[in-house]
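# Observations on the three-dimensional arrangement
Single-letter residue listing:
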Amino acid sequence: GGRPWNSRSFTVISNNPNVSLIETFLNDNYIFSPPTSISYELLTSGYSYLFKVQLCNFLGSCGYGTTTVTALDFILPSVSILGSQIRTINVYDSLQISGNAYTPRCNGKKSTRYLEYIWTVKVNNVKQVDLISTSIDPTIFQLPSYQLSAGTVYTIVLGVYNSATTASSSTSATVTVETGNLVAKISGGLTQSLVQSANPQPIILDASNSYDQDYNGVNPSLKYLWNCKQISPTFNTTCPILMPNDLTTSSISVNSISSKGIDIIASVSVIVSDDTDRSSIASVTIDIITGDAPTVSILSSFDNKFIVKNQLSIIGSMTLSDNGDATWTSDYPGLDLSSIALTPVTTTLSGISEETTTSLSLVLPSFSLPIRTTITFTLTGKLSVDSTKKSSTSVIITTSGPPQPGTFIITPQDTGIEMNTTFLFSVDLWSTDSLPLTYEFGFISNAGNFISLQGRSESTTTQGTLPAGVESNDYMLTVRVIVYDKFDSFTTMDTTVKVSPVVLTAAELQALVDAQLAEAGDANTISQTIGTTSEYMNAVNCSEVPDSYCSSLNRLMCSQQEQTCGECIIGYYGQYGNANTECLSNTRRNRMLIDTTPMSCSNNCSLHGSCIYKDMNTGEDVNTCYSTSSTCQAICSCDINYYGSDCTYTLSELSDKQTTRLQLLDALYNLTTIQNINDQNVESWISQLNSNTQKPDEISSDGLILVNSILLTIVKALPSTTISTSNAANVLITINRVSTILLGYTNTIPASEMMISSDLLLDRDRILDLYGSYITSTMSAGQQGISSIYSEFRILSEVKPIASGVDGSITTNVFNTPLSTSEVNDGINSSQFTIPVTNDYTVSSLLEINQVVTRSTLYNNTNIFNSNPMRLNIKSWPCTYASDGTCQISLVLENYRSVPVSPTNEANTGLNYSTECDAGENTTYQLYCTPTHNETVTCDGVGGMWFTRCPHFREVSSCSKIVGTDISSGNCSMSSYTSTSTTCLCNVTHATSSATQSFQRDYVSALETISEGYLQTFIPYTGTPSSAPTGQPTNVPSGQPTSTPTIVPTSSPTSVPTGNPTSSPTSVPSSIPSSVPSSQPTIASAVPTVSPTSGEPTYSPTAVPSAIPSSKPSSQPTGQPTSVPTEEPHTEVSWNSTIEVNEIVSSGNSGVLDITDNVTIAALEESILNITQDTVGESEVDIYDISQSTSRRKLRSDFRRKLSGTDTITTTILFTIRAIVNETCSVDTTVVQSCASEMQNSFLNAMNSTGENDNLFVEKLVYFMEENGLTAPDATNFTLDAIENSAVEVVNYVFPGSPVPTSAPTSSGGSDGESVDVVGLVVGLVVAMLVVVGFIVYYQSQRNKGVVGFEDSPAMKGIGATELQDSNINKNMIGHDNRNITDLELRKDVNEAYV
């Protein structure tokens, strides 16, 4: 340390006759630390005094110093420059001068209120108006580097003005700026390699990073001169390598000489100079190595002394064409890199087949290097197959040494009273070779944090009040001074002082805080008030838990919660935070021991509440919770009128505490706005904030807003500092406390005020993003991830190198969520995410990842969430080169609730309802299914019965993205899930303008409720003939003829002629002539034919129905039912518009029901019910919602005519309809025809498609025809006509005896006199397609027994018509031929069921 002065001598010069008394007092009584004060009684008002001191060291060298003091009879601000008033700096140094001012009070106190600071810079007494302080703290004058000129002397004047009294005073300091040096540098390391081969490649020696310390940037006047000589195996002034002709450039290219061989070492140097006499030299060693040896280089350089408190990062690289190893070493004995390095010391590279360059970093933690030492670090690369083929390079680092200790004294030393006694801190005799020295004073809080009372300055003294010490340590308080040198190296020194506690009422405390802040006009005074008051409020009673008890539990001493031990000591785990349960060794794995101790509540809830257990993920109550469990926690449920995490406060007590805390937080927030951003201030903010949130119970909702604002200020300031990652991590303590407040565990903030939690949660995410970005910015590629685990969240920061290689090749990176020891013991697995990285030399070489996992209870969505949300912050991510591509992330999220994986056997267990609708009724019925779900049935005028089966609901796992505090499934889908985890695939849209991108996303697995087994069908009544034809003929023919003749004539003429003649005459004339003559003469007979004609039925029926029905039903219903049913039922399903559409079923783009060989009745039923509207497809022939705008009677009419061949829809008409329906063409006829013609080709192309979107209807139609021996057209060249003809052929095959026309005329309207229903025609075509598909299903299911067979089966016997009608058979078996049922009773029942 520094030596004391060998001698001292004071001289005082003044006109005052008592001057000798002052001089005698100083020479006899003065001490340097703490400095002795001169009593005002020795000074006389109106006189000036010149004080001169001579100090001599042990070598006899002496120095002098002077100052002048004037005694006044009125009050002026006292102003001084802290530290030396004569300073010397360099141009490249920043300048900082601290001032101190106060107004003395009559009670001996000092006030800094109402003081204004004015700084002025002068050169030769001329004001320099362009030199303005950049400090936001008015007590500090600050200029960045390169603002002052070399060789100039500056006077810095500080004037202080009292705005209340208008009094002012000033002082000044002198700053001399010295001329700096030139610094020569050669990039790439101290040793570099030249390859000796048949085709040697040159290397570049680059000195362009050389610089002038007085020049900000590149000095254009720098000159370069290169030189070379051989130093091994023998010394020779002749250069053994090929040098360029011009040796005066900033960089040169050198190469090996083949005739020189290998193992030759050259030294190449460069002299850098300017127009003055300044110069600098740098050298590099060149090794000549064999052609296939790897080459290495070091990119980092260290011009100044390295500060050991910082993390060391050396960046190197190796280039090789075969497998090899790279190893870092040092020449300092005892420095074991393998045990302290944060990155691999040895890296093995395999799979190398072509020249590849790999980044290799060496990262050492803070304080891992010895002080005041020069160390050489070497990177060596060698081939795996031949270790003799190697090369190496080195870098030299000289570490700084912190200041040498002197003295640290605090007075009074014996005792003082908390927040009352003024203590004086002073230091002396500290030394360093890197001046100036600066000092920071403070104390150690009961939580172990350093609380600053005076920020870093050159002042060797300060004063202020202190909080009480810890009772268990006899109220001894630890105070500390931190002494810094020019390069921020520091030394700490502690001492203790006894500070006894004081008891203040809430009103007294509030009055004291008000008074101190009222007089505080500078940052130091504000900081002292915050620090001492907060520590006073943090004091707790630990009388019942002595240190020995907490030590037996492997916990820290009680300091933060009443009668509660601290956290688990390092190497042990147990109940999180402060508790009185035992912590177990991390190596202990005996679950029987772990599961026997219940978790405890803080201070036994102060006997004002009960201890309950909560699931940490869902927030739900649990019955048991053991001390080492990672999934539950113990919290207090307070009695009425008691509050706080341990139920210790009454409402008035809590209100008083929160009011004072809010005042302190407001003062701290103001402090962050008036102090400069530097390491010491930001670390002080962190400590002060942690102290003020140590008791989260005392933070109100307004206080929470201030806490978040201060946190944001801190994390935004971190990048402007060199704060270590461990110190920066202290902000996470406060963030976790904020989370517990938001969760309501403090029992303080009313639920009505928790609406602010959403905004605070978003702020918290932003804070964690900024914090993580700072952490990764301090890391190097390959460095071990930095993780922190807290009760309510955890964060992981990692930096990965982007592998070199061919552009576009992909490397997959997997990142796992960190787990606590308790979680590992509980068998909990890590969540993880996987991202692909596109390898490329041209983009950023580092991939920065920050992962935050938060307790889902913070989102108030625990009823939906099934995992803790994972937030990803990824920077510099080259995920793809596709301009319109996406980057896909795979996540495995661990579920905290078990989710059934397979469908349950309860799918069809919903309640069943039968709802009757009368004809003409229009009523909506509500059907109860579950307490949260009802179904509805609507009667729309058609008589019949609705059959409804309620759905069964179950939960499945899904993947969601969190937007704000809500979830969204956009761009994120569930890939698979087990009962305990969910795998998600999430797309991130790629930025088209760059190969890299950065983003933040929040992901979570959620519970999604699905329904199973829902069914709703309608069966219309058929006892009375309907106005539209039924699916079956009536039992008795009607008494009146139909308005349209039947296609096949009846066996007897009707008694009344039809309105229109038949297209072919009957063999026997009717008894009453028709009103319009037939187109052909009848055979001379006045009576109708006894039997129907053997050909086609008449187009219009006779006026009187025949006695015997025709073998085929008529295309239009008769006015009265026939007396005997026709031999064949109607071939169309009875279509009812009231059938509810559940969903549109389509396959590919075909739009037609997807048919398989194992179709069951239930599946067929559901599919047919679902396909009622949008069944034509989604690709080229979309027809939207047409079923609601067509007449069902027209639909059946057009359908029947289509099947019989009497009416055909042409392609042009079809697309004219499509155009009108979709409004893609004008209604104008010419435009419609043109548009329809263009669409015709699209339709045919869709029918002819052979790719993955093949028309399913065509495929099934061809398959059916081939299976049943029919001649099928070529499926690859199917036209619309071919489809229509094939459909008719299939219908004829299924219904033998149905006549098929050889040609069908085109009709644009109906024959029943109605207006053309073009939409109905389209739906008719659609239904025709479905019918044919239905036939195919029927035959396939009969062949594969996929549908209940109607062959003679014991299971089918005894089933009556009612049962069959209640079943789904009559809705599914379209055109079913029940003649293969030999059991007559069963066949009869089937017939009755269909009727």
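The structure presented is a predicted model; accordingly, all values stated were derived computationally and were not measured. (Residues numbered from 1 in each chain as written. Predicted model: local features only at pLDDT ≥ 70, side-chain atom pairs only at ≥ 80, totals over all residues. Heavy atoms only, no water.)

## So, the overall build of the chain
- What the chain contains, in helices and strands, is 23 helices and 57 strands.
- The proportion of buried residues among the 1395 residues of the chain is 49%.
- Once local pairs closer than 6 in sequence are excluded, the contacts in the chain between residues at least 24 apart make up 68%.
- Carbon and sulfur atoms provide 50% of the accessible area of the chain, an area that totals close to 62,600 Å². (Helix = DSSP H or I, 4+ residues; strand = E, 2+ residues; numbered from the N terminus. Buried < 20%, exposed > 50% of the residue type's maximum accessible area, 1.4 Å probe, protein only. Contact = heavy atoms within 4.5 Å. Areas by Shrake-Rupley, 256 points an atom, 1.4 Å probe, with all protein chains shown as cover.)

## Remarks on the state of the cysteines
- Per the stated rule, a full pass over the model turns up 13 disulfides.
- Each sulfur of the disulfide joining Cys638 and Cys647 lies 2.1 Å from the other. The chirality of the disulfide connecting Cys638 with Cys647 is left-handed, given an S-S dihedral of about -90°. (Disulfide = S-S within 2.5 Å.)

## Describing the sheet that holds strand S27 (residues 390-398)
- Across the sheet, which stays open at both edges, the four strands sit in the order S24-S23-S26-S27 with antiparallel pairing between neighbours. Of all strands in the sheet, those with a lone pairing partner are strand S24 (346-349) and S27, marking the two edges. Ignoring which end each strand starts from, the neighbouring axes of this sheet average 15° apart.
- With four bridges joining them, strand S23 (residues 324-330) and S24 adopt antiparallel strand pairing. Considered in S24, the bridge of Ala326 is made with Thr347. (Pairing = 2+ DSSP bridges. Axes fitted to C-alpha atoms, helices over the stretch in contact; angles between N-to-C directions.)

## Let's talk about helix H9 (residues 701-717)
- For H9, with 17 residues, the first-to-last C-alpha span of 25 Å sits near the 24 Å given by 1.5 Å per residue.
- Along H9, 12 of the 17 residues are buried, which leaves the element largely enclosed by surrounding structure.
- For H9, the complete set of buried residues consists of Ser701, Gly703, Leu704, Leu706, Val707, Asn708, Ile710, Leu711, Leu712, Ile714, Val715 and Ala717. (Expected span 1.5 Å × (residues − 1).)

## Looking at the nonpolar core
- Formed by 54 residues in total, the largest nonpolar core has its most connected members in Val682, Leu689, Ile714, Leu718, Leu732 and Tyr771.
- For this core, the secondary-structure elements that each account for two or more residues are helix H4 (523-538), helix H7 (651-674), helix H8 (679-692), H9, helix H11 (731-742), helix H12 (757-777) and strand S42 (793-801).
- Here this core takes nine residues from H9, the largest share from any one element.
- Contacts of Val682, omitting those with residues within four sequence positions, involve Ile677, Ile714, Ala717, Leu718, Thr721 and Ile723. (Core = buried A, V, L, I, M, F, W, Y, C linked by side-chain atoms within 4.5 Å.)

## Describing the pattern of salt bridges
- All told, the structure shown has 23 salt bridges when counted by the stated rule.
- Across the salt bridge formed by Arg480 and Asp494, the nearest N and O atoms sit 2.6 Å from each other. Pair noted here: Arg480 is in strand S34 (residues 476-484) and Asp494 is in strand S35 (residues 490-500), with a separation of 14 residues, a long-range link.
- Through salt bridges with shared partners, a single ionic network connects Asp212, Asp214, Asp274 and Arg278. (Salt bridge = Lys/Arg side-chain N within 4 Å of Asp/Glu carboxyl O.)

## Remarks on the side chain of Gln192
- Take Gln192: it is sitting in strand S14 (residues 191-196).
- Within polar-contact distance, the side chain of Gln192 engages the backbone oxygen of Ser187 at 2.8 Å. (Polar contact = N/O pair within 3.5 Å; in protein donor to acceptor, adjacent residues only side chain to side chain.)

## Observations concerning the packing of aromatic side chains
- For the coordinates displayed, the defined rule picks out 14 aromatic pairs.
- Between Phe302 and Phe306, the aromatic rings sit 6.3 Å apart at their centres with planes inclined by 90°, giving edge-to-face as the arrangement.
- Counting every residue linked through ring pairs, the aromatic cluster contains Phe10, Tyr30 and Phe32.
- Positioned above the aromatic ring of Tyr102, the side-chain terminus of Lys110 is 4.4 Å from the ring centre. (Phe/Tyr/Trp six-rings, centres within 6.5 Å; stacked < 30°, edge-to-face > 60°. Lys NZ or Arg CZ within 6 Å of the ring centre and 35° of its normal.)

## What to know about the confidence of the model for the chain
- Counting all residues, the mean pLDDT for the chain is 76, and 69% of those residues have values of 70 or more.
- pLDDT under 50 marks residues 1079-1233. Its contacts with residues more than four places away, or in other chains, come to 430 contacts.
- Scored below 50 in pLDDT, residues 1297-1395 makes 189 contacts in the model with residues more than four places away or belonging to other chains. (pLDDT = per-residue confidence, 0-100.)

## Some remarks on the packing of H7 against H9
- Two elements in contact, H7 and H9, have axes separated by 10 Å at closest approach and are oriented at 25°. With respect to H9, the element H7 is oriented roughly parallel. The handedness of the crossing between H7 and H9 comes out as left-handed. Across the interface between the two elements, Leu662, Leu665, Asp666, Leu668, Tyr669 and Thr672 of H7 pack against Asp702, Gly703, Leu706, Val707, Ser709, Ile710 and Thr713 of H9.
- Residue composition of the contact of H7 with H9, by class: seven nonpolar, four polar and two charged. (Parallel < 35°, antiparallel > 145°, perpendicular 65-115°, else oblique. Left-handed = near helix turned anticlockwise from the far one by under 90°. Nonpolar A, V, L, I, M, F, W, Y, C, P; charged D, E, K, R; others polar.)

## Quick word on unusual backbone geometry
- Note the cis peptide between Thr411 and Pro412, where omega equals -5°.
- As for its position among the elements, Pro412 is in the loop between strand S28 (407-411) and strand S29 (416-417).
- Cis geometry marks the peptide bond from Leu435 to Pro436; its omega dihedral reads 10°.
- Looking at the element boundaries, Pro436 is found in the loop between strand S30 (423-428) and strand S31 (438-444).
- One non-glycine residue with positive phi stands out, namely Asp474, at about 55°.
- Examined against the element boundaries, Asp474 turns out to sit in the loop between strand S33 (461-464) and S34.
- Although it is not a glycine, Cys605 adopts a positive phi angle of roughly 55°.
- Positionally, Cys605 belongs in the loop between helix H6 (591-594) and strand S38 (609-615).
- Classification of Cys605 by relative accessible area gives buried; the value is 1%.

## Here we look at the packing of helix H3 (residues 506-519) against H7
- Following both chains from N to C, one finds H3 and H7 inclined at 15°, their axes separated by 10 Å at the closest point. The orientation of H3 with respect to H7, classified from their angle, is roughly parallel. In the crossing of H3 with H7, the sense of the turn from one axis to the other is left-handed. Contacts between H3 and H7 involve Ala506, Leu509, Gln510, Val513, Asp514 and Leu517 from the former and Asp656, Thr659, Thr660, Gln663, Leu664 and Ala667 from the latter.
- Among the residues making up the contact of H3 with H7, the classes are represented as six nonpolar, four polar and two charged.

## Focus on the pairing of strand S11 (residues 153-162)
- Sheet topology note: the strand S8 (residues 115-123)/S11 ladder contains eight bridges and is antiparallel. Residue pairing in the sheet places Trp119 in a bridge with Leu158 of S11.
- Relative to strand S12 (residues 168-178), S11 runs antiparallel, the two being bridged by nine bridges. Residue pairing in the sheet places Tyr154 in a bridge with Val175 of S12.
- Once S11 ends, the chain turns through five residues before running back antiparallel as S12, passing Thr166 with a positive phi of about 65°.

## A short note on the sheet that holds strand S1 (residues 7-13)
- A sheet is described by the order of its strands in space; here three strands give the open sequence S1-S2-S3, paired in antiparallel fashion. The open sheet has two free edges, formed respectively by S1 and strand S3 (62-70), since each of these has just one partner strand. Each strand of the sheet is rotated relative to its neighbour by a mean of 15°, with strand direction disregarded.
- Strand direction decides the pairing type here: S1 and strand S2 (residues 48-56), joined by seven bridges, are antiparallel. Following the sheet pairing, Val12 is matched in S2 by Phe51.
- Strands in contact with helix H1 (residues 19-29) are S1 and S2; relative to S1, the strand with the most contacts, it is inclined by about 165°.

## Things to note about H4
- Over its 16 residues, H4 runs 22 Å from end to end, which matches the ideal 22 Å to within 8%, given 1.5 Å per residue.
- Of all 16 residues that make up H4, 14 are buried, and the element is covered over most of its length.

## Concerning the pairing of strand S46 (residues 870-875)
- Across the six residues that make up S46, a large majority, five, are buried.
- The pairing of strand S45 (residues 846-854) with S46 spans six bridges and is classified as antiparallel. Following the sheet pairing, Ile849 is matched in S46 by Ile874.

## Looking at the environment of Ser489
- For Ser489, the location among the structural elements is in the loop between S34 and S35.
- Among the residues examined, Ser489 registers a relative accessible area of 3% and is labelled buried.
- Spatially, the C-alpha atom of Ser489 lies 9.2 Å from that of Asn310, the residues being 179 residues apart in sequence.
- Excluding residues within four positions of it along the chain, Ser489 makes contact with Ile307, Ser400, Gly401, Pro402, Pro403, Val483 and Tyr484.
- In terms of polar contacts, Ser489 uses its side chain to reach the side chain of Ser400, at 2.6 Å.

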